[in-house]
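Survey of secondary and tertiary structure
In case you want the letters, here they are:
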Amino acid sequence: MILHTDWRHIPASARNTVAALGNFDGVHRGHVHLLETLRMARPDHPLSVVTFDPHPRTLFRPQDPPFRLMLPDVRAAALGSQGVEHVFQIPFDAEFSRLSADRFVNDVLVKGLGVAHVACGADFAFGHRRHGNTDRLEALLVPHGIGLTIVPQLVDDGGPISSSRIRRLLQEGYPERAAEELGRLWSITGPVMHGDQRGRLLGFPTANIPLTQHLEPARGVYAARVTLPDGRVIPGVANIGRRPTINDGRESRLEVHLFDFNEDLYGQTLSVALIALLREEKKFSGLDELKTQIAADAAQARSILAD
């Protein structure tokens, strides 16, 4: 997979692809369905994705809390694992947001990327103030000999699979149900930062990873699996929240204790997959009660992860 971040200067080798349009946050089963439909419709061209960073919602609603299911580099890697050969990650800034629907098609898709065919969901909207819809998209592509495949949403017993539905499941504390929608475990990926080492004093040293732009799931304690940079997967117990017992007044963070592990992880990038919520965030009477509860949480997580 090759990542392109400048749509105005695309090499000839990356032109003439069949392109799926969308944000692809999470690269969930619905996204995979879209990619597979496009691949089957036009197997004669390389598969690509046209997406955006930052997410348009970040520009238009900066007051909203972080909501991303995955960060851009993880998204690109996930798309590559689905057979996407080129990811066109368009910088979405104020100038680009003012691009009309006509110019998005003519300047970006036709001239900039030179796509051979396009696919999107039925609700895809584009251009300034989202004035463009699929009918307009088709009308603009046809004169250039570019076809359009409109792919219905993938539906299960709960309705259409969507990024917003997955976010809601995570915020309600159901990572296992979110994993079913995603087609894989949901993970938070980031570098290990220095903390206050209070976990070490409690007998449970933790790796501290900032949430940055990730969605904050339900606060509490989770059974988790941690993937190291070398590919090893280590079971552990994770806490997401503001640590009310310690009451340090900081923003929510992810702390994960890796079972039977004693290596230096500072500066390394970890991927922490949430398996199951063990309990919600709670304030304890003191550090002794907290230490007892952490031991119980760790034992419960070990039991779940051993199954």
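All of the points below concern the structure found in this document. (Residues numbered from 1 in each chain as written. Predicted model: local features only at pLDDT ≥ 70, side-chain atom pairs only at ≥ 80, totals over all residues. Heavy atoms only, no water.)

**Some thoughts on the environment of Leu-21**
The residue Leu-21 is located in strand β2 (residues 18–21) in this model. Owing to a relative accessible area of 4%, Leu-21 belongs among the buried residues under this scheme. Each C-alpha atom of the pair Leu-21 and Gly-132 lies 13 Å from the other, and the pair is 111 residues apart in sequence. Beyond its immediate sequence surroundings of up to four residues, Leu-21 is in contact with Leu-34, Val-50, Leu-109, Val-118, Ala-119, Cys-120, Phe-124 and Leu-137. (Helix = DSSP H or I, 4+ residues; strand = E, 2+ residues; numbered from the N terminus. Buried < 20%, exposed > 50% of the residue type's maximum accessible area, 1.4 Å probe, protein only. Contact = heavy atoms within 4.5 Å.)

**Notes on the sheet that holds strand β4 (residues 86–91)**
The strand order across the open sheet built from 6 strands is β1-β4-β3-β2-β5-β6, with neighbouring strands paired in parallel fashion. Looking along the sheet, the strands with just one partner apiece sit at the ends: β1 (2–4) and β6 (147–151). Mean inter-strand twist for the sheet, computed between neighbouring axes without regard to direction, equals 25°. Relative to β4, strand β3 (residues 47–53) runs parallel, the two being bridged by 6 bridges. Following the sheet pairing, Ser-48 is matched in β4 by His-86. Helix α1 (residues 29–41) contacts β2, β3, β5 (117–121) and β6 of the sheet and is inclined by roughly 155° relative to β2. (Pairing = 2+ DSSP bridges. Axes fitted to C-alpha atoms, helices over the stretch in contact; angles between N-to-C directions.)

**Brief notes about helix α8 (residues 175–182)**
Turning to α8, its buried residues number three or more, namely Pro-175, Ala-178, Ala-179, Glu-181 and Leu-182. One face of α8 carries all of its buried residues, which in axial projection span an arc of 160°. Its buried side turned inward, α8 meets α1, β7 (155–156), α7 (163–171), β11 (220–227) and β14 (269–280). Gly-183 sits one or two residues past α8 and shows a positive phi near 90°. (Arc of directions from axis to C-beta.)

**A look at the side chain of Arg-167**
Mapped onto the secondary structure, Arg-167 falls in helix α7. Those residues in contact with Arg-167 that sit more than four places away from it in its chain are Asp-25, Arg-57, Phe-67, Leu-69 and Leu-215.

**Considerations on the packing of helix α5 (residues 101–112) against helix α6 (residues 134–141)**
Packing of α5 against α6 brings their axes to within 10 Å, and their N-to-C directions diverge by 45°. Classified by the interaxial angle, the pair formed by α5 and α6 is oblique. Handedness of the crossing formed by α5 with α6: right-handed. Across from Ala-101, Asp-102, Val-105 and Leu-109 in α5, the residues of α6 making contact are Arg-136, Leu-137, Leu-140 and Leu-141. For the contact of α5 with α6, the class distribution of residues is 6 nonpolar, no polar and 2 charged. (Parallel < 35°, antiparallel > 145°, perpendicular 65-115°, else oblique. Left-handed = near helix turned anticlockwise from the far one by under 90°. Nonpolar A, V, L, I, M, F, W, Y, C, P; charged D, E, K, R; others polar.)

**Describing the packing of aromatic side chains**
In this structure the tally under the stated criterion is 8 aromatic pairs. Aromatic pair Phe-96 and Phe-104: ring centres 6.3 Å apart, planes at 85°, arrangement edge-to-face. Across the pair, exposure class does not vary: Phe-96 and Phe-104 are buried alike. Relative to Phe-126, the ring of Phe-104 lies with its centre 5.6 Å away and its plane at 45°, an arrangement referred to as tilted. One end of the pair, Phe-104, is in helix α5; the other, Phe-126, is in the loop between β5 and α6, with 22 residues separating them in the sequence. (Phe/Tyr/Trp six-rings, centres within 6.5 Å; stacked < 30°, edge-to-face > 60°.)

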